[in-house]
Amino acid sequence: MTRAMGAAMRRIHVGNALSAFGLGFTVPYLYVYVAQVRGLGAMTAGLVLAVFAVAALIVLPFAGRAIVRRGPLPVLLAALVTAALGALSLGLAGNATAVLLSAAALGAGQAVMQPALATMIVDCSTAETRSRAFAMQFFLQNLGLGVGGLIGGHLVDTTRVSSFTLLFAIEAAMFLLLVAVMATVRMPHSPRIADAPSASGKGGWKQLLGNRAMVQLCVLGFVLFFACYGQFESGLSAYGVEAAGMSTSALGTALAANTMMIVVAQFAVLKFVERRRRSRVIAGVGLIWAVAWLAAGYAGLGHGSQEMATAAFVSTYALFGLGEAMLSPTVAPLVADLAPEGMAGQYNSAFALVKQLALAVGPAVGGPLGASLHGPYVVTFLLFSLGITVLALRLGRRLTVAQDQPWAAARTSRVVARGGAAEPVAAEA
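Model, not experiment: these values are computed from the prediction. (Residues numbered from 1 in each chain as written. Predicted model: local features only at pLDDT ≥ 70, side-chain atom pairs only at ≥ 80, totals over all residues. Heavy atoms only, no water.)

Regarding the overall build of the protein chain
(1) Moving on: Scanning the protein chain from N- to C-terminus turns up 18 helices and zero strands.
(2) Moving on: A separation of at least 24 residues holds for 84% of the contacts in the protein chain among residues at least 6 apart in sequence.
(3) Moving on: If you sum the accessible surface of the protein chain, you get close to 17900 Å²; carbon and sulfur atoms cover 67% of it. (Helix = DSSP H or I, 4+ residues; strand = E, 2+ residues; numbered from the N terminus. Contact = heavy atoms within 4.5 Å. Areas by Shrake-Rupley, 256 points an atom, 1.4 Å probe, with all protein chains shown as cover.)

Spelled out as C-alpha cells, the structure:
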C-alpha cells in the first residue's frame, strides 16, 4: 500500500466512524420520537421505518451507475449533504408529511453512503490489505453505533421535544463534519487482481447479472442478511419475549453481548480467516449460526430455569456477533474482487440493494412468526443457516484462486516476480 493510499484509508475509516456515530444517536429512538414525542402515533412511526427501506431500494440502483461514472467521492459527498438535510429536517418536523419526507432524505443518503465508502476502500487497498481494511470498517461502525446510542440515550428526554431536536442536529453536524473530512481525500487508483474477469465499465446491470458467481453471491447475501440481521430487532426479540420470557433488560444485555463480541473478537478472528478460503469461512458462519438458533430453541422451548434460558438467549446474540466478525473481512472484499475493472461501485451498490431487500423482508416474515409460532420459527431459521453453508460451498466452485484465496494468489505472484518457480495452488474448478 502506497503512502497516498494509506492517508486516504485513514480518512475513510474516520468517515465510517463518524457516520456510524451520528446514526447511533438517532436510530434507536426514532420510533419513540415520531410516535410519542411528536404525538403522530404508532402507524406514522411504522411508516417512517418503512420509508427508510423504500428510499434505499429506490436510490441504490442509480447509485452504482453514478459511482462508476463520477467516482465514489462526489457521490459520497452528495449523500452526506442529503442525509444531513434529512436529519435536521426530521428534528424540526412537526407533522406527518414533513416527518416522512425528512425520513426519505435521511434514508436515501444513508443508503448511498454504504456502497460509496465501500468502493473507496476498494480503491485505496490491495488484495493483501483489503480484508483487514473491511474488518476495520466493520469494527468502527459497530463501535460508533454503540457509543452514539449510549450518549444519545443520556441526552434525550421524552417530555422535551427540544432534546430530540438537539439529537438530530448533532447527527446532521456529524454528516457535515464528515463532508469536510472526506473533501480532503485524494483518491489513488488501486491495482486489480490479475485473474479477475475483465470487462468494460459500460455493461451495467446486464453485465453484472451475467456474472454467475456474483449472482450466486447475491443470493447467498440475501439469505445471510435475512436469517441474521433481519431478525435482530424483530423476530428474534419477539421470540425472546413471547417464548423465552425475556425482560427488556435481558434483551438489552443480548444486544450488548452481540456488539461486545464483535469489538473484542474482530481482529482475533481476522487472523484466523484471512488465510483461509473465503467460501469456507462463510460456510463456517452458517454452522455457527445454526448453533445459535439451537441455543435460541433451548431458551424458548426447553424446560430449564429462567437463568439458563437467559444465558442461552444471550449466547445466541453473541454467536451471531462471532459470525458477523468472520463475515466482515470476507464478503465485502469478495464483492470487490468479483467486480471487473471500474465496476466496483456497481457491484457494491447491487450487494447493498440485496441487503436492503433482506432487511425489509426479514422483519415482515420473522416478526409474526417469532411472536406466535415459536417452534416453526426456530426450525425455519435453523434451516436457513444450514442453507448458508450449502450455498457458500457451491459458490466456492465458481471462484478463482485470486477470489477465494487472495493470500495464495498474492504469494504466487511475488514468487513469480522474483523469478522463482510458483508453488502450485489448487483452485476449485
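Don't stop here, the text continues.
Some details on the nonpolar core
(1) Moving on: The biggest cluster of nonpolar side chains holds 123 residues, and the ones touching the most others in it are M182, M214, L217, L236, W289 and F313.
(2) Moving on: In contact with L217, not counting residues within four places along its chain, are L334, V335, L338, F351 and L395.
(3) Moving on: L60, A111, A352 and L353 belong to the second-largest nonpolar core, a separate cluster that totals five residues. (Core = buried A, V, L, I, M, F, W, Y, C linked by side-chain atoms within 4.5 Å. Buried < 20%, exposed > 50% of the residue type's maximum accessible area, 1.4 Å probe, protein only.)

What to know about the pattern of salt bridges
(1) Moving on: The full count for this structure, using the stated rule, is one salt bridge.
(2) Moving on: Across the pair R278 and D337 runs a salt bridge whose closest N-O atoms are separated by 2.8 Å. Residue R278 is found in helix α12 (residues 278–301), and its partner D337 is found in helix α14 (residues 331–338); the two are separated by 59 residues along the sequence. Just as R278 is buried, D337 falls in that class too. (Salt bridge = Lys/Arg side-chain N within 4 Å of Asp/Glu carboxyl O.)

Remarks on the side chain of D404
(1) Moving on: For D404, the position within the fold is in helix α17 (residues 401–404).
(2) Moving on: No salt bridge is formed by the buried D404; its nearest oppositely charged neighbour, R277, is found at 4.7 Å.
(3) Moving on: Separated by 2.9 Å, the side chain of D404 and the backbone nitrogen of S279 make a polar contact. (Lys, Arg positive; Asp, Glu negative; His and termini not counted. Polar contact = N/O pair within 3.5 Å; in protein donor to acceptor, adjacent residues only side chain to side chain.)

Some remarks on the packing of aromatic side chains
(1) Moving on: Counted under the stated rule, the structure contains 15 aromatic pairs.
(2) Moving on: Sitting over the face of the ring of F272, R276 holds its NZ or CZ atom 4.0 Å from the ring centroid. (Phe/Tyr/Trp six-rings, centres within 6.5 Å; stacked < 30°, edge-to-face > 60°. Lys NZ or Arg CZ within 6 Å of the ring centre and 35° of its normal.)

Quick notes on a positive patch on the surface
(1) Moving on: On the surface, R212, R394, R397 and R398 cluster together into a patch of positive charge.
(2) Moving on: Structurally, the position occupied by R397 is in the loop between α16 (374–396) and α17. (Patch = residues over 30% accessible without salt bridge, like charges linked within 9 Å, V, L, I, M, F, W, Y side chains within 5 Å. Charge placed at Lys NZ, Arg CZ, Asp CG, Glu CD.)

Points about the packing of helix α10 (residues 235–242) against helix α13 (residues 306–327)
(1) Moving on: With their axes 11 Å apart at the nearest point, α10 and α13 run at an angle of 165 degrees to one another. Classified by the angle their axes make, α10 and α13 are roughly antiparallel. As for how α10 packs across α13, the hand of that crossing is right-handed. Every residue of α13 that contacts α10 at L236, S237, Y239 and G240 is listed here: F313, T316, Y317 and F320.
(2) Moving on: Its residues assigned to classes, the contact of α10 with α13 comprises five nonpolar, three polar and no charged. (Axes fitted to C-alpha atoms, helices over the stretch in contact; angles between N-to-C directions. Parallel < 35°, antiparallel > 145°, perpendicular 65-115°, else oblique. Left-handed = near helix turned anticlockwise from the far one by under 90°. Nonpolar A, V, L, I, M, F, W, Y, C, P; charged D, E, K, R; others polar.)

Remarks on the environment of F21
(1) Moving on: One can find F21 in helix α1 (residues 3–26).
(2) Moving on: The exposure class of F21 is buried, given its relative accessible area of 19%.
(3) Moving on: Along the sequence, F21 and N142 sit 121 residues apart, while their C-alpha atoms lie 8.8 Å from each other.
(4) Moving on: If we ignore the near neighbours within four places in the chain, the residues touching F21 are G144, L145, V147, G148, I151 and M174.

Examining the confidence of the model for the protein chain
(1) Moving on: When pLDDT is averaged along the protein chain, the result is 81; 89% of the residues meet or exceed 70.
(2) Moving on: In the model, residues 190–202 has pLDDT below 50 throughout and makes 36 contacts with residues more than four positions away in sequence or in other chains. (pLDDT = per-residue confidence, 0-100.)

Quick word on a nonpolar patch on the surface
(1) Moving on: Taken together, the side chains of L143, V147, L150, I151 and L155 make up a nonpolar region of the molecular surface, amounting to roughly 380 Å² of accessible area.
(2) Moving on: For L143, the location among the structural elements is in helix α6 (residues 130–155).

Observations concerning the environment of A364
(1) Moving on: Along the chain, the position of A364 falls in helix α15 (residues 344–372).
(2) Moving on: Sequence separation between A364 and Q231 is 133 residues, and the spatial gap between their C-alpha atoms is 9.5 Å.

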